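Observations on the model geometry
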Amino acid sequence: MEFTLRVWRQAGPAAAGGFVDYPAPDISPDASFLEMLDVINERLSERGDEPIAFSHDCREGICGSCAMMIDGVAHGPVSGAATCQVHMRSFRTGDTLTIEPWRSVAFPVIKDLVTDRAALDRIIQAGGFITAPTGGARDANEILVPKDAADAAMDAASCIGCGACVAACPNGSASLFTAAKLTHLGLLPQGQPERSRRTISMVAQMDREHFGHCTMFGECQEACPKQISIDVIARMNRDYVRALATARPDRTAAAAG
Amino acid sequence: MSGASPLNARVPAGPLETKWERHKFEMKLVSPANKRKYTVIVVGTGLAGASAAATLSELGYRVINITYHDSPRRAHSIAAQGGINAAKNYPNDGDSVFRLFYDTIKGGDFRAREANVHRLAEVSVNIIDQCVAQGVPFAREYGGLLANRSFGGAQVSRTFYARGQTGQQLLLGAYQALERQIGRGAVEMHPHTEMLDLLLVDGRARGVVARDLITGHVQSFIGDAVVLATGGYANVFYLSTNARNSNATAIWRAHKRGAAFANPCFTQIHPTCIPVSGDYQSKLTLMSESLRNDGRVWVPARGGDARPPNEIPDAERDYYLERKYPSFGNLAPRDIASRAAKQVCDEGRGVGATGLGVYLDFRDAIQRSGAASIADRYGNLFEMYQRITDEDPYRVPMRIYPAVHYTMGGLWVDYNLMSTIPGLHVIGEANFSDHGANRLGASALMQGLADGYFILPYTIGDYLASSRLSRVDAAGPEVRAIEAEVEQRTQRLLAIKGRRTVDSFHRQLGRVVWEKCGMARTDAGLREALAEIPEIRAEFWANVTVPGVGETLNQALEKAGRVADFLELAELMCLDALHRTESCGGHFREESQTADGEALRDDEHFAYAAAWQYAGDGVAPVLAKEPLAFETVHLSQRSYK
Ligand SMILES: Cc1cc2nc3c(=O)[nH]c(=O)nc-3n(C[C@H](O)[C@H](O)[C@H](O)COP(=O)(O)OP(=O)(O)OC[C@H]3O[C@@H](n4cnc5c(N)ncnc54)[C@H](O)[C@@H]3O)c2cc1C
Ligand code: FES
C-alpha cells in the first residue's frame, strides 16, 4: 500500500513544531500502524535523518505508551484499539494520514509525537490507592467480593493510562481516567474506608493539573481503547457530592490546598 | 578451574521447611530510626521493582527509583496475561507449599536451588493476601470467593487471575502502593532515566550512572545499596513476546563491573505465538496455550504444498504432535511442542508466506461441540488473532509458531538475592534463581512479587546493618570517571555515522541467536555463532548510524546502546550453551537426547549453576560453578509418556 504521511515534527519542548510530509510507499497491509512508522524511520535513518519520535513498548494494547492522533482521532479509526493495534489495512491506499501528538495543556510535547503524561501519575499519587502496606494482610478469602462487583471493578481497572480520553475531550478533561480509578477502588470492600477522601483529593489534583472540566460530551468513551464507559464519571460525580457533604472541613481544606 | 567455588550461596542451615523462618530471625535488623539514614537505589518499576521500592519505603528507607519508562506503570510486567501461582489450596485439591516447591524444582529440570524455591512457595500465599488488600480485582466465584484455574499442565488449580490481564492488575497494585509513597515524598522517582553503569566504591555497589532520556544529561545516583529489577533479556533474539524496549543493559553493565552472570543459555520458547508475517515485524504476540486443549496442530505431509489448508485432505496432513507423542498429542510440553514445530518447518513443510508457521486447527472441535461452545471458550483469543492476521480462525486454521518468551538465566544471586558484588541485589526476571532450566506458567509474576514484597526488604536490611559504608563524594574523581566513560560511549555511538541502522544489526544478531542458540543447539552451530557474533559486533562499531544528537530525546541512541550490549551478551549465551553439553529444560543440545528424541540431562557433570565472571573485553570469561544439591526432591528424568 501507499500513503502520504503528514507528521508533526517538533525538536523539543520549547521548539516550534510543524507538519512535515513523508511519502510512504511499499507498506504491507498487515503491518501495524507503529510498524509502518518503523519502516519510515528505518528509511529516514538510512539517509542519516532523524527518525520520528513516538512512544511505544508492549505493542499489544496494554502498556498505554502509544499515543497519537490519526486524522484527528485519538488512536485512529479502529474502535476499542490502541494505536499499536491498528493495522494498515484499516486505511485506503493513497490516503494522506495526518499524525499528531496528544493535544492538551496538561500533556506538553517532549518531541515529535511524544508528550509528558506525568500529570496522570500525580492524580494517582493524590489518592488512587488503597493504603495497605506490605505485611499484615489477612487471608485473601476473608474478604468476600460479590462477582458482579469484582467484574465491574475489573472493567474500570482495565484503564491503560494512555490519555486518549484527555486528547479526545473538547475540554481536555481527565475525568474518565480519574473516575475509572475511583470506580475500581470504590466498588471493592477494601476501598471503602478511604473512599470519600480519595474522591476529593483526586478530583482536586485533576483540577490542579490544568485538565478541563467534564461537560459529558462522551468523546472520551469513544476514544478509550478499553471502552471504559462514561458511567464511571456519573458515579464519580455522585461520590464527590456525597464526600463534600460529609467531609470534615479540615480534610476538605487540606485536599484542596 | 579447580576445586572450591568462589560462589557462596549463603543458604541457611537447618531443615528446608524452617530455613527462611530461622534466617529471618538471625538476620540483623536496622532500627526504625536508622532506616531513614540509608538510601536504596532501585532500578526498574516492574512487579519486582515497584513492589520492592514501595515496601522499602514503607519500612522507612529512603528510596530512589529509576525507570526508562515515562511512568512506572508501563513496565513490561503489565503485559502478562495468564495468572499467578500460589499454594493457597483454596480449591481443596491437594495443593500445598511442598507441592508447589516440588513442581517448581521438577519443572525447572533440577537446575534451581532447593532452599530458594521452597521459600518462594512459602511466601506465595502472602502475595495473594497482599494483592487483595490493595484492591487487585482477581476473578471471583458467585459466592464472592477467589476463583482459581489450572495452568500450563499443573495438576492442581493454584493459579489466580484477573481476566487475561493479570500482570496489568498486579502491576497496578504495586504501582499504586509506589505512587502513594511518591506522593508522601518518601520515594524519589526518576522516570525517563536509563541506568548505563554501576558505581562501585571499595568494591561495593554504591550507585548507578544514568542518562536522562529527555535532556541527555548523565547523572549519578548514590546510595548505600543498589537493587536491579530490570527484567529479562529475551530481546537479544530481536523478535520475542517481550515489550520492545526490554533490554539487558543494566545487568550486562553490572556484569562487566564484576557481577557473575548465571546460566545465560537458559531461555524459554513459547509454542503458541502468532508467526512472523514480514520483515517489518517488530514483535511477536503470545496466544494462550489453552488453545491446544481443543486445537489440532498439523502441517502438510508434503513440502511445498501451497494449497489453502481447507483443501488439503486429512490423508495429506501430518498431525505431527499426535504422531510423535501419541499419549500427550497436542498437549505435549512447551519445549517439546516448540522443537517439533521448528523441525517440520526446517523440513520445508511450514505454512504461511514465510514458511515459518504450523496450523492450529479447530475444525474438528467445532464439528464436535459447535462454534458457539468454542467461541465461549476462546472467543477473545480468536478475536485478537483475527485483528492481527485478518483471518477468521472459525473458518481457516490459525497459524502459530514458537517465540522467545522468557529468560531463566540472569545475574547470579545468593540466598539473600545479592549478586557477587556486595551491595548489588538483583530481583525478578533479572536474576537467575528459582526457575532452573525451565519456568512453569504463572510463576514469574509470583517470583517477582515474592522478591519485591517479601524477601529483599528483609535481606537488604541484613546487608546494611552488617556493612561499614564509607561516605561517597558525588563530585569526587571516582564518580566523575565513570560518568565520563558513559558520556564517551554515547559520543562514540553518535560519531560512527555509518550506513546501517541499529535495527538492521539487531535483526541480524537475532537471526543468528535464534538459529543457533534457540530451540535446538549443536556444537557446530554454536561454534559458528561464536564466530559470527564478534563479526557483527565489529561491523556495528564501524558502520552503525545513529542520527541526531545526545542532548535530546534520541530513541535511536537508546537502542544503539542496548543493541551494543546484546551483541556482547549473545556471545556469552552461546558460550554457556556450548559448554553445557547436556540437554535440560529449555536448553536442548541435539547431541544429548534419548532414543525417542527427549532431552537427556547429565546430572553427573552438570548439576550446577554456571556463573560466568567477566574477565575483560576479548578475554574468555571465567566459569564458576555453584553445585546444586537435591536433598529433598530426588533427581529423576522428566517424562511425557
Ligand atoms: C506476553 C507475556 C505474557 C506473560 N504472562 C505471564 C503470566 O501469565 N504469568 C507469569 O507468571 N509470567 C508471565 N510472563 C512473564 C512475566 O511477565 C515477566 O517475567 C515479569 O513480569 C518480569 O517482571 P520484572 O519486574 O522482573 O521486570 P519488568 O516488568 O520487565 O520490568 C523491568 C523494569 O526495569 C526498568 N529498566 C530496565 N532496564 C533499565 C535501565 N537500564 N535503566 C532504568 N530502568 C530500567 C524498566 O523500565 C522496567 O520498569 C509473561 C511474559 C510475557 C512476555
Ligand atoms: S504500545 Fe503498549 S499500548 Fe500501544
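This is a predicted model, so every value here is computed, not measured.

**Some thoughts on the packing of aromatic side chains**
For any pair of aromatic rings, the description rests on two quantities: the centre-to-centre distance and the angle between the ring planes. Residues and elements named next belong to chain B. For the coordinates displayed, the defined rule picks out 24 aromatic pairs over all chains. The interplanar angle of 20° and the centroid separation of 6.3 Å between the aromatic rings of Trp412 and Phe432 together place this pair among those described as stacked. Residue Trp412 is found in the loop between β16 (410-411) and β17 (424-426), and its partner Phe432 is found in the loop between β17 and α12 (444-465); the two are separated by 20 residues along the sequence. Grouped by ring-pair contacts, the aromatic residues Phe362, Tyr378, Phe382 and Tyr394 constitute a single cluster.

**Some words on the nonpolar core**
Formed by 230 residues in total, the largest nonpolar core has its most connected members in A:Phe211, B:Ile84, B:Phe138, B:Leu228, B:Leu424 and B:Phe540. Sort the elements by how many residues they give to this core and helix α16 (residues 555-579) of chain B lands first, with 14 residues. Counting contributing residues, this core receives three or more from each of domain 1 (3-114) and domain 2 (117-256) of chain A. Setting aside its immediate chain neighbours within four residues, B:Phe138 contacts A:Ala150, B:Ile84, B:Ile128, B:Cys131, B:Val132, B:Leu146, B:Phe160, B:Tyr161, B:Ala162 and B:Leu170.

**Re the environment of A:Cys214**
All names here are of chain A. Mapped onto the secondary structure, Cys214 falls in the loop between α6 (195-208) and α7 (219-223). You can call Cys214 partly exposed: its relative accessible area is 30%. Beyond its immediate chain neighbours, meaning those up to four positions away, Cys214 contacts Asn171, Ser173, Ser175 and Ile233.

**Some details on the packing of helix α14 (residues 502-517) of chain B against α16(B)**
Residues and elements named next belong to chain B. Direction vectors running N to C along α14 and α16 enclose 20°, while the axes themselves pass 10 Å from each other. For the element pair α14 / α16, the angle class is roughly parallel. As for how α14 packs across α16, the hand of that crossing is left-handed. Touching Val502, Asp503, His506, Leu509, Val513 and Cys517 of α14 are Ala556, Lys559, Ala560, Val563, Phe566, Leu567, Ala570, Met573, Cys574 and Ala577, all from α16. Classifying every residue of the contact of α14 with α16 gives 13 nonpolar, one polar and two charged.

**Topic: helix α11 (residues 371-389) of chain B**
Residue and element names in this part refer to chain B. For α11, built from 19 residues, the straight-helix expectation of 27 Å at 1.5 Å per residue is missed by more than 12%, its first-to-last C-alpha distance being only 20 Å. Those residues of α11 not exposed but buried are Ile374, Tyr378, Gly379, Leu381, Phe382, Tyr385 and Thr389. Looking at the packing, one finds that the buried side of α11 touches α10 (363-369) and β15 (398-407). Directly beyond the C-terminal end of α11, a positive phi value near 65° is found at Asp390.

**Considering the site of ligand 1**
Residues and elements named next belong to chain B. Neighbouring ligand 1 are 37 residues; Thr67, His69, Ser77, Gly82 and Glu429 lie closest to it. For ligand 1, the accessible surface in isolation is 1,000 Å², of which the surrounding protein chains cover 98%. Top element by residues in the shell around ligand 1 is strand β6 (residues 193-201). It accounts for three residues. Its residues placed into classes, the shell around ligand 1 shows 16 nonpolar, 18 polar and three charged.

What counts and how
Residues numbered from 1 in each chain as written. Chains lettered and ligands numbered in written order. Predicted model: local features only at pLDDT ≥ 70, side-chain atom pairs only at ≥ 80, totals over all residues. Heavy atoms only, no water. Phe/Tyr/Trp six-rings, centres within 6.5 Å; stacked < 30°, edge-to-face > 60°. Helix = DSSP H or I, 4+ residues; strand = E, 2+ residues; numbered from the N terminus. Core = buried A, V, L, I, M, F, W, Y, C linked by side-chain atoms within 4.5 Å. Buried < 20%, exposed > 50% of the residue type's maximum accessible area, 1.4 Å probe, protein only. Domains from an automatic or database assignment. Contact = heavy atoms within 4.5 Å. Axes fitted to C-alpha atoms, helices over the stretch in contact; angles between N-to-C directions. Parallel < 35°, antiparallel > 145°, perpendicular 65-115°, else oblique. Left-handed = near helix turned anticlockwise from the far one by under 90°. Nonpolar A, V, L, I, M, F, W, Y, C, P; charged D, E, K, R; others polar. Expected span 1.5 Å × (residues − 1). Near = heavy atom within 4 Å. Areas by Shrake-Rupley, 256 points an atom, 1.4 Å probe, with all protein chains shown as cover.

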